[in-house]
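# Observations on the three-dimensional arrangement
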Amino acid sequence: MQFRELDVPGAWEITPQQHGDARGVFLEWFKGSEFEAAVGHPLDLRQANMSVSAAGVLRGVHFADVPPGQAKYVTCVKGAVLDVVVDIRVGSPTFGRWDSVLLDDVDRRAIYLGEGLGHAFCSLEDGSTVAYLCSTPYAPGREHGIHPLDPEIGIEWPTVARDGRPLTFELSAKDEAAPTLAEARASGLLPTQEAVATYVASLRWGNGEGPMHTGRVHGP
C-alpha cells in the first residue's frame, strides 16, 4: 500500500497492492497501521456510506463544520469517478487549490480527505459505486456545500465518460443552489486553517503524543 500526499495538504492518494489469480482479485483497501504511519493519527471510524451514480452525476463540493469536521476515506468499488479535494480552509497557504484522483475498479485506489477539506466527484460510468469511511456521523445542521462549477475554484471536470460518450452534468437541487467559494467565505461558512490545525493536532495527541481531545460535538 502506497500513500502519496496530494497538492492539497491533508489529503492523500492511496494505491493498494492487488493479488490476482484465475479466481479474481484480493486487496486491502484500508489498513490502520499504514494509515497512521502516513497520516500521523488513526481514523476514528463512525459511519460508512455508499453512493451509486449515473455517468455525469456531480456530487459536492461538500464539507462539515470544524470541530469535528468529517474526514473521509473513499474508494470506487465499481465503475469510475474523478474524485476531487478542495482546500477551503481560510488562512491556508493553498486556499482555493484543488487536486484529484481517478478512483476506479482497475487500479482500485482510494483517497483520504482530512477534516476541513471540501470533497466532490464526477461519475464517469453508469452505476459507479463509491464507498466512504467517515470519521463522524452525518449531521445535517453542520454540513455545507460549495457549487462544484464555481469558476473561482476552476475544477477541470471530465467531459467524456469512460466509454467515450460526452458527459452531461447532473447535480442535486441542493448542490445546484450551493454558494460559490467567495459567498461561502463571506457568510462565515468555511473552516479556518487554525481551527483545523488545532483539531487535527488533538487527534495526534490521542495517538500517544499528548492529552486526548474530548470536546467532540456531534450533530443530532
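Residues numbered from 1 in each chain as written. Predicted model: local features only at pLDDT ≥ 70, side-chain atom pairs only at ≥ 80, totals over all residues. Heavy atoms only, no water.

If you walk across this open sheet you meet the 5 strands as 9-8-11-6-13, and the pairing is antiparallel. With one partner strand each, in any of the chains shown, strand 9 (98-104) and strand 13 (143-145) form the two edges of the open sheet. For this sheet, the mean angle separating the axes of adjacent strands, direction not counted, is 25 degrees. The pairing of strand 6 (residues 58-64) with strand 11 (residues 117-123) spans 3 bridges and is antiparallel. Looking at strand 11, one finds that L58 is bridged to C122. (Pairing = 2+ DSSP bridges. Helix = DSSP H or I, 4+ residues; strand = E, 2+ residues; numbered from the N terminus. Axes fitted to C-alpha atoms, helices over the stretch in contact; angles between N-to-C directions.)

Glancing now at the pattern of salt bridges. Applying the stated criterion across every chain, the model contains 10 salt bridges. Here R165 and D126 are joined by a salt bridge, their closest N and O atoms 4.0 Å apart. On the criterion of sequence distance, the pair formed by R165 in the loop between strand 13 and helix 2 (173-176) and D126 in the loop between strand 11 and strand 12 (128-134) is long-range, its members being 39 residues apart. With a relative accessible area of 45%, R165 lands in the partly exposed category. A single salt-bridge network, built from bridges that share partners, covers D105, E125 and R162. (Salt bridge = Lys/Arg side-chain N within 4 Å of Asp/Glu carboxyl O. Buried < 20%, exposed > 50% of the residue type's maximum accessible area, 1.4 Å probe, protein only.)

These figures come from the coordinates and say nothing about function on their own.
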